[in-house]
Amino acid sequence: MEILVATSLPNFPVSPKFCIRRRTSSVPQFLNCARNIGESNGLSRAPIPRELGSTNKVESHLKSIGNTNEKEEKKQNDIWQLFEEAQQNILYLNKQRLLAMEELERVKNERSSLLDMIEQLEMKKQSTARKDKLTISSDILLRIDALVLNGMIGSTEASALRRLVIDSRGSLADDLYEIIIKNDAEFLAELRRFSKTSKGNGFHIIHVCTEMSPVVSVGSLGPYITGLSCALQRKGNLVEVILPKYACLNLDEVHGLRKVEAEFYSYFNGQLHGNKIWTGVVYGIGVTFIEPIYYSSFFSQEKIYGYSNDFERFTYFSRASLDYLVKSGKRPDVLHIHNWQTSIVGPLFWDVFVNQGFESTRIVLTCQGFGSQCLEQPEKVALCGLDPPRLLRPDRLQDNNKSHLVNVLKGGVVYSNKVIIMTSVHTKGQIISALGHGLEPSLDMHAEKLVIAPSGFDKSTWDPSCDNFLPQSYSADDMKGKSACKFALQRHLGLEEGLSKILVGCICSSISDVDLDKLKMLVWIASSKGVQFVFMGSGQIPGMTSTFENFQDEVKDKNVIFIDEYDEELSHLIISGSDIMLCPTFNDHLLQVPLKALKYGAAPVPVNFAESGMRQLVNDSTERSRFSKYINSAFGNMSLGQAIDEIKNNPSEWDTRIKDAMGKDFSWDSECAEVHISAYEAVKKL
C-alpha cells in the first residue's frame, strides 16, 4: 500500500520546509509529506485509502497527530535549550570559581606583602626613633641656651637642667616632645616639672672646631667631627658642636636653624665685642654658630683657611667660644678642641677660664696631623687675653726650633689633658720619633697623654647589604650581588664584561710624583695581562685634574679608565665592583677607601708596596690600632702582582680572606669611638 500511495502522487517539487522532521516523531514521514504537497498544489482531496475511514475523521486524526508532533517537538526544543543553558551556567560558574581562586591568591600575596612592608616600616621607625630622640634632646639644650642668654634662668639652674637632659639619654624627649614648640615660659615650667634624679652616666662633650660635615668641610676634620659625634651619641653620650658662622655655610643642611635674639660679648684686642648666636641641629647634634659683629669680616670670605690673618680669625673664635660657655652656663665634662686652629683654647682655659665654674671640665685635643702648627710672634697671644712672657717658655708655647716664636699647636699639646692622634697605621713610637714635624721633643715629654685612634666610616651609608647605590645588595654570606656589581661597573665604563676579568679600582685625593711613576709601571704590566683599571680623583685637591690628564695621555689602553670628577654614587659602584682597590695610603682620613674596601669585599693593596711601612710594624711593640694590626696581616704586605696571582691561583683561599675582611667592623662606632670614650674616662679621673 505504501508503494501505491507513493507512486499515485504527482511528481511535484518537494519543499524542505515541510519534509524535514525529527525522526523521533510517531507519525510516518511520507504521510505528512504527501498531504502537504497536495495542499500546496491545490490537491485538497488526494486519494486516501479506505481503511482510514471518512475524510473528516482522517483530517481530524491527522490534525491530532500534528498537534502532538508540535508539542513533542516544542518539548524537545525546550529540553535542549534548558540543557544548553545549564551547560553555559556550569561553564560560567567554573570560570567564576577560577577567577575567585585567583583573586583569593592575589589577596593572600598582597596581605603577605603588606605585612612585610609594615614590618619593614616598623623596623625603620625603631631605627630612627633614637635619632629623633637625640634631635629633640639637642633642641631642648639649645632652648636652654636661649633661656640663659635671654636672662630667664641663671647659669646654675641651666647646668642642672642640661644635666637632666644629658643623663636621661634621650628618654626625656618622649615627655617633652609636645612642649618643645611652646613659648619660653611654658617650656621652662614643663622642664622644671620634669627635673628629677639623673638616669645615666653619659658624658657631655662640646667640640670647638672649624669644620663639620656636611655643613662646612674641606678636609678630614669635617667627616671626623660628624661621624664621631653621631657614634658617641649612639653610645649614650650627649655631644654639641661650636662653629664659626662662615658666609659659605651650607645652611640647608642645618635643621631648625634660628638666630638667638640675645647677644654675648667676647674679649679681643683689649675690648669686649658683641657676637650673634645661631643654633640648629645636624644629624641629631646640637650646633651653635658664633657670628662676630665688629669683626664680621673674619668669616665672610669664600675659603675656610689660607688667609694671612688666620691666627687672628681662629683665636677670636676660640676666645668667643669660651665666653659663650660662661654666658650660657654650660659646664661640659669634656671640651674637645681640634688641630692648631682651636689649640689656643687650652692655654685660655687653664690660665683664664677654669675658675669660672669649669673646675670639673677637662680638655682633649685631636690632631689630624702635625704638618700645620701655626708659628706667630709672642705678642699676638695678648689679643685674646693671654700673657706672652708667661707662654714663651720651652715647656709651654715656645717653638722647639724657632725660639723667638710661639707654636700654637704645641700649646694645645702642652695644655690638654689628652691628645688623640688620628692615624690608621702608624704606631705611637713612630709618631713620637719621626712624624712630629719638629714637635718630637714635646710629644716625647707628654707621651703619657698621647693616644692613637684610626679613622672610621659611616656604616649607615656604606654597607653592601643595604646600599641603595648598588644594582644588587650582597654580604659575606651571599656574594652573588658583588658579581652583579662588577658586571654593572664594566658595562657602565665600556669595559669587556666577565667575572674572570680582574678589576682594580683606585679612588684617591692626591698622588705624588713618585706614586704616579709607580702607578704607571703597575698599570702597564697588569693591563698587558688583561687586568682592568678604573681611576677616580676626589676633585678636592688643586692640580688633581691635570695630573690625571697627563696620566691618561701616557697610559692609553682600552682596559684603563680615568674619571677626573668625583661622583659619590659611582664611587660606591667602583668599590663594590672591584676585586682590588689600589691605595696610595692606608692612612686615608678623607675618603676612608681602605676601610670601605674591606667592607665591600675589595682587597686594599698599597701602591708603594716596598715603601708602605707596613713591614716595620711587625717589630714595633708600641701602641698601634687594631686596624693597623689587621691590615698588616691581611693585605698590607701584599703587592698588586701578588694579589692578582692569589686571585688566579688560589681562588678558594682568596674568597675566605675577603669574606673574613667583610665581617670586620672599622666604622666610627667601633675602635674610633672606643678610643675616645676611654680618653674621656681617663681625663675625668684627673
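Structural data are supplied above this passage.
Calculation criteria
Residues numbered from 1 in each chain as written. Predicted model: local features only at pLDDT ≥ 70, side-chain atom pairs only at ≥ 80, totals over all residues. Heavy atoms only, no water. Phe/Tyr/Trp six-rings, centres within 6.5 Å; stacked < 30°, edge-to-face > 60°. Helix = DSSP H or I, 4+ residues; strand = E, 2+ residues; numbered from the N terminus. Buried < 20%, exposed > 50% of the residue type's maximum accessible area, 1.4 Å probe, protein only. Lys, Arg positive; Asp, Glu negative; His and termini not counted. Salt bridge = Lys/Arg side-chain N within 4 Å of Asp/Glu carboxyl O. Polar contact = N/O pair within 3.5 Å; in protein donor to acceptor, adjacent residues only side chain to side chain. Contact = heavy atoms within 4.5 Å. Pairing = 2+ DSSP bridges. Axes fitted to C-alpha atoms, helices over the stretch in contact; angles between N-to-C directions. Expected span 1.5 Å × (residues − 1). Bend = angle between axes of the 7 residues up to and from the residue.

Trainee: Now, about the packing of aromatic side chains: what can you tell me, with residues and values included?
Mentor: In this description, a pair of aromatic rings is defined by centroid distance and the angle of the planes. The tally for this structure, following the rule as stated, stands at 24 aromatic pairs. Aromatic side chains F298 and Y316 sit 5.9 Å apart centroid to centroid with 70 degrees between the ring planes, which places their arrangement in the edge-to-face category. One end of the pair, F298, is in the loop between β5 (285-292) and α9 (310-328); the other, Y316, is in helix α9, with 18 residues separating them in the sequence. The two residues F298 and Y316 agree in class, both being buried. Pairing F535 with F562 gives two aromatic rings, centres 5.4 Å apart and planes at 15 degrees, and the pair type is stacked. Highlighted residues: F535 in strand β13 (residues 532-537) and F562 in strand β14 (residues 560-563), separated in sequence by 27 residues. Since its relative accessible area comes to 0%, F535 is described here as buried. Judged by relative accessible area, which is 12%, F562 ranks as buried. Chaining the aromatic ring pairs together yields one cluster made of Y246, F268, Y294, Y295, F298, F299, Y305, F314, Y316 and W340.

Trainee: Describe the side chain of D463, listing the residues and the values that go with them.
Mentor: Take D463: it is sitting in the loop between β11 (450-453) and α15 (480-493). An unpaired buried charge is present at D463: no salt bridge exists, and K599, the closest side chain of opposite charge, is 4.7 Å distant. Within the local environment of D463, its side chain forms a polar contact with the side chain of S465, the two groups lying 2.9 Å apart. For D463, the contacting residues outside a window of four places in its chain are K599 and Y600.

Trainee: Tell me about the environment of D310, and please be specific about residues and values.
Mentor: Mapped onto the elements of the fold, D310 is located in helix α9. Among the residues examined, D310 registers a relative accessible area of 9% and is labelled buried. With 31 residues separating them in the primary sequence, D310 and Q341 have C-alpha atoms 8.3 Å apart. Among residues more than four places away in sequence, those in contact with D310 are Y305 and W340. Separated by 2.6 Å, the side chains of D310 and R313 make a polar contact.

Trainee: Kindly report on the sheet that holds strand β12 (residues 503-508), identifying the contributing residues and their values.
Mentor: Reading across from one edge, β14-β13-β12-β15-β16 is the order of the five strands in this open sheet, with parallel pairing throughout. The two strands at the open ends of the sheet, each matched to only one other strand, are β14 and β16 (603-606). Direction aside, neighbouring strands of the sheet carry axes that sit 25 degrees apart on average. Note that β13 and β14 share four bridges and pair parallel. The residue bridging M536 from the neighbouring strand is I563, located in β14.

Trainee: Outline the pairing of strand β1 (residues 204-208), supporting the account with residue identities and numerical values.
Mentor: β1 sits mainly inside the fold: five of its five residues count as buried. Side chains H204, I206 and V208 of β1 all project onto a buried face; the interleaved residues I205 and H207 project onto the opposite face, where all are buried too. Direction of pairing for β1 relative to strand β2 (residues 238-244): parallel, over a ladder of five bridges. Residue V208 lies in a different strand from β2, and its bridge partner there is I242. Here β1 runs beside strand β6 (residues 334-338); their pairing, made up of four bridges, is parallel. Of the residues in β6, the one forming a bridge with I206 is L335.

Trainee: How would you sum up helix α23 (residues 668-684)? Please name residues and give values.
Mentor: Here α23 contains 17 residues, and its C-alpha end-to-end distance of 22 Å stays within 8% of the 24 Å for a straight helix at 1.5 Å per residue. Its maximal kink placed at E674, α23 deviates by approximately 30 degrees. Among the 17 residues of α23, 12 are classified as buried, and the element is accordingly described as predominantly covered. Every buried residue of α23 is listed here: W668, D669, S670, E671, C672, A673, V675, H676, I677, A679, Y680 and V683.

Trainee: Provide a residue-level description of the pattern of salt bridges, including the pertinent values.
Mentor: Taken as a whole, this structure holds 15 salt bridges when the rule is applied. A salt bridge links D310 to R313; the nearest nitrogen and oxygen atoms lie 2.6 Å apart. Remark: R313 and D310 occur in helix α9; sequence separation between them is three residues, near one turn of the helix. The residue D333 makes a salt bridge to K684 at a minimum N-O spacing of 3.3 Å. Here K684 lies in helix α23 and D333 lies in the loop between α9 and β6, a separation of 351 residues in the sequence. Residue K684 is classed as partly exposed on the basis of its relative accessible area of 28%. When salt bridges with common partners are traced through the structure, they connect D145, E240 and K330 into a single cluster.

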